Amino acid sequence: MAALLNRRTVISGFILLALVFPFLTKNSYVLHILTLAFIWMIAVYGLNLLAGYTGYLSLAHAGFFAIGAYSLGILTVKVGMNYWLAFLSSLIITCILGLLIGLIALRTKEHFFAIYTLCVGYIIYLVIDKWDGLTGGVRGLIGIPVPAGFGPLSFEKPLSQYYLILFFLLLTVLMVYRIVHSLSGRTFIAIRNSEELAKTLGIATMKNKLMVFVLSTLFAGLAGVLYASFIRFIGPDIGYITITFDLLMYLLVGGIGTLAGPIVGTLLIVWVSQSLQFLQDYRMLIFGPLLTLLIIFYPRGIIGAFYEWKIKRQEKKRMRALIKNHKDAEFPTANSVPDKKVKEG
Amino acid sequence: MFLKTKELTKKFGGLIAVNDVSFSLEKGKINAIIGPNGAGKSTFFNLVSGSHTPTSGQVIFKDQNITKLPPNKIAELGIARTFQTTNLFEQSTVLDNVKVGHRLRTNSTLLDAVLRTKRFKKEERKCREKAIEVLDFVGLTDVSDQLAANITQEEKKRVAFALALATDPEVVFLDEPAAGINPDETEGLAELMKKMVDRGITVCLIEHKMQMIMKLADKIMVLNYGEKIAEGTPEEIMNNQMVIEAYLGGSASA
Ligand SMILES: Nc1ncnc2c1ncn2[C@@H]1O[C@H](COP(=O)(O)OP(=O)(O)O)[C@@H](O)[C@H]1O
Ligand SMILES: [Mg+2]
């Protein structure tokens, strides 16, 4: 109970901090970077559902991110569709493509799945890069509108976009939280632990994997859509493999298969990247070894390490209690000085 | 006839892992399959539970041909199994681990989970109650709130039983349940199997510990190089010349 209360307060604290953050800093660049980080987090949550909770490491996520972004770009700029209709359509397009690709990709497992999706991701990038007529090729798409306002609400200003994107992030976290803490979530975890066992427990593994795959592309697509109307310019680079690896790095550092991992990892890496910007691409010389060490010692990232520590502490406590009970039971009379017991307790 | 196999055969390339095995389980009894390592016992289980499709032959359950059904459909029909090793979700409690065993009797979807619908709540409760019930049945009520990472090897075996039982099975196939645990604990597991049978669940197990089998089983099948070389009561098996020669290798008294 105390732990729950604790978690509640921590979560509320973070939400409150995110809400008042724009008033704590006058620096619009920081706000911009933070908004971008929120967008990445949404995509990382998608990746986490699939790779972390279900055990299928997809390397096509930048591709789905780009599909979401380009769908919105094309539908608003070229087709001239109403913003929110285009928003919804873009998510649906991403999911449909996700479903089709998932149907094929999920016939493979483990490394083969990772390699296959890596190829798919690259093909998506190539299509965007080469299909000039539709995507504008290397020139990209410019003039993507900001989200259309609702009545008095308008999303013209970076601050209002910050809140809009924060809203979608919180929605994402809530959805993922509820999914993970449900029979569906336990079903996914069972698949990750052992697909063979899951099947013999009566779980239709293919159906479940396909659901997670589509859901994870939905989050990637949502992130892409938000990105497109936040930056208002998109180029083929957003679908490139490096973005997938960035997302994966955020997830691994924060903690794969943990609920807070995507937030912690993304914030940390984005912040460190910003601080080391003067090093340009040589940053990777620092990141590479650090990441390797982290994976060796804490395969479940920062949050995973924290939980491990908590588990160990709990176990120690339990053992101590057991030993104590044992002693009390063994020498009930020999050591029957009552005030001594009180002290121990 | 409850559950039987007809001329079941499984080939892996040139290797015949299970060769022409016809066997029928005695309903409401403890059935056992014994045989040396590599005799095809686990493969036989895989064929019955649908994890592998046989090269030829049939599996019949209550007059229904289930040979080609996928494992999840077979589980729905009431056939459960355990594996030689069980992977649990170590960061989660024993209770939470077992809940998923009842998933196949529920219908709630992702949408139910996200919207926290009535059905979601009802089914979460149902799975929780089932998990509590089977954990009580296998004697793990005390550790149900502990993390799976922190329980003993023997308790993990019991969790595997509980998972199988949570599917509401009519028959459970247990693959070497007593492997890697000490004799005292083996006794406890044997008791548990008897308790399952008392509950009306048919048991079929693979076991190496001969003493345990001879005391426990009502019916035994002996496999050797994928072939059934004998079948019968423990006394019949102990006195079977083929078994003594092929399997016990002369040390039948052991
Ligand atoms: N998936 C598989 N692919 C190839 N050969 C297998 C496979 N599973 C089992 N075998 C082989 O089939 C034979 C029987 O194995 P198994 O059923 O595991 O024996 P047991 O459980 O009686 O020890 C062994 O020779 C084993 O190597
Ligand atoms: Mg075996």
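For every chain, the first residue of the written sequence is number 1, and numbering continues from 1 onward in sequence order. To label them, take the chains in the order written and letter them from A, then take the ligands in the order written and number them from 1. At least 70 in pLDDT is required for a residue's local features to be given in this predicted model, at least 80 for side-chain atom pairs to be given and counted, and no such filter applies to totals for whole chains, interfaces and linings, which use all residues. Remark: hydrogens and water are excluded; side-chain values derive from all non-hydrogen atoms of the structure.

Turning our attention to the sheet that holds strand E10 (residues 227-232) of chain B. Residues and elements named next belong to chain B. DSSP-based pairing: two strands are paired if at least 2 bridges between them are found. For the purposes of this entry, the term helix denotes a DSSP run of H or I that reaches at least four residues, the term strand denotes a run of E that reaches at least two, and both are numbered from the N terminus. Strands sit in the order E6-E7-E8-E3-E9-E10 across an open sheet of six strands; the sheet is mixed. Two strands lie at the open edges of the sheet, namely strand E6 (79-81) and E10, each paired on one side alone. Sheet twist, expressed as the mean angle between neighbouring strand axes with direction ignored, is 15 degrees. Pairing between E6 and strand E7 (residues 171-175): three bridges, direction parallel. Its bridge partner lying in E7, Ile-79 is registered against Val-171. Lying on the sheet, helix H7 (residues 183-198) is in contact with strand E3 (30-34), E7 and strand E8 (202-206); it crosses E8 at an angle near 150 degrees. With axes taken as lines fitted to C-alpha atoms, and helix axes fitted only over the stretch in contact, angles between N-to-C directions fall between 0 and 180 degrees. Should any heavy atoms of two residues lie within 4.5 Å, those residues are counted as being in contact.

Residues and elements named next belong to chain B. You can see Asn-107 is positioned in the loop between helix H3 (94-99) and helix H4 (110-115). Considering only alpha carbons, one finds Asn-107 and Met-196, 89 residues apart in sequence, at a separation of 27 Å. Once you skip the residues sitting within four places of it in the chain, Asn-107 turns out to touch Asp-112, Arg-119 and Glu-123.

Residue and element names in this part refer to chain B. As a structural note, the neighbourhood of ligand 1 is formed by Phe-12, Leu-15, Ala-17, Pro-36, Asn-37, Gly-38, Ala-39, Gly-40, Lys-41, Ser-42 and Thr-43. We call two N or O atoms a polar contact when they sit within 3.5 Å, provided that within protein one can donate a hydrogen and the other can accept it, with sequence-adjacent residues counted only if both atoms are side-chain atoms. Within the side chain of Ser-42, a nitrogen or oxygen atom sits 2.8 Å from an oxygen atom of ligand 1. The separation between an oxygen atom of ligand 1 and a polar side-chain atom of Thr-43 is 2.5 Å. Bound to the protein, ligand 1 loses 61% of the 560 Å² it would expose on its own. Broken down by secondary-structure element, the contributors of at least two residues to the shell around ligand 1 are strand E2 (15-24) and helix H1 (41-49). In terms of residue count, the dominant contributor to the shell around ligand 1 is H1 (three residues). Residue type decides the class: Asp, Glu, Lys and Arg count as charged, Ala, Val, Leu, Ile, Met, Phe, Trp, Tyr, Cys and Pro as nonpolar, and the leftover types, Gly among them, as polar. Each residue belonging to the shell around ligand 1 can be placed in one class, and the counts come to five nonpolar, five polar and one charged. Nearness of a residue to a molecule or strand requires only that one of the residue's heavy atoms be within 4 Å of it. The Shrake-Rupley method, run with a 1.4 Å probe, gives the accessible areas here. Residue values count only the displayed protein chains as cover.

Residues and elements named next belong to chain A. A cluster of like positive charges, contributed by Arg-7, Arg-8, Lys-310, Lys-312, Arg-313, Lys-316, Lys-317 and Arg-320, occupies part of the molecular surface. Put simply, the parts of the chain that give the positive patch at least two residues each are helix H1 (2-24) and helix H14 (301-330). Looking at which element gives the most residues to the positive patch, the answer is H14, with six residues. Structurally, Lys-310 can be placed in helix H14. Burial classes follow relative accessibility: with a 1.4 Å probe on protein chains only, a residue under 20% of its type's maximum area counts as buried, one over 50% as exposed, and anything between as partly exposed. Assessed through its relative accessible area of 31%, Lys-310 is described here as partly exposed. Each patch is built from residues lacking any salt bridge and having more than 30% relative accessible area; the joining distance is 9 Å for like charges and 5 Å for nonpolar side chains (Val, Leu, Ile, Met, Phe, Trp, Tyr). The salt bridge definition used is simple: a Lys or Arg side-chain nitrogen within 4 Å of an Asp or Glu carboxyl oxygen. Just so you know, the count uses Lys and Arg for positive and Asp and Glu for negative, and it drops His and the chain ends. For this purpose, a charge sits on NZ of Lys, CZ of Arg, CG of Asp or CD of Glu.

This part is about the interface of chain B and chain A. On the chain A side, the residues contacting the 36 residues of chain B number 31 residues. Summed over both partners, the accessible area (1.4 Å probe) lost when two parts come together is defined as the buried area. Each partner contributes to the roughly 3000 Å² buried at the junction of chain B and chain A, and carbon and sulfur atoms together form 63% of this total. Taken together, the links from chain B to chain A amount to two salt bridges. Notably, a salt bridge pairs Arg-186 of chain A with Asp-96 of chain B, separated by 4.0 Å at the nearest N-O pair.

Residue and element names in this part refer to chain A. Here chain A is described as being made up of domain 1 (10-18 + 25-281) and domain 2 (300-345). Computed over C-alpha atoms only, the centres of domain 1 and domain 2 are separated by 44 Å. In this assembly, eleven residues from domain 1 lie in contact with five residues from domain 2. Taken together, the two surfaces of domain 1 and domain 2 that pack against each other cover about 540 Å², and 68% of this comes from carbon and sulfur. The interface formed by domain 1 and domain 2 holds zero salt bridges in total. For the side of domain 1 that touches domain 2, the class distribution of residues is six nonpolar, five polar and no charged. In this entry, domain limits derive from an automatic or database-based domain assignment.

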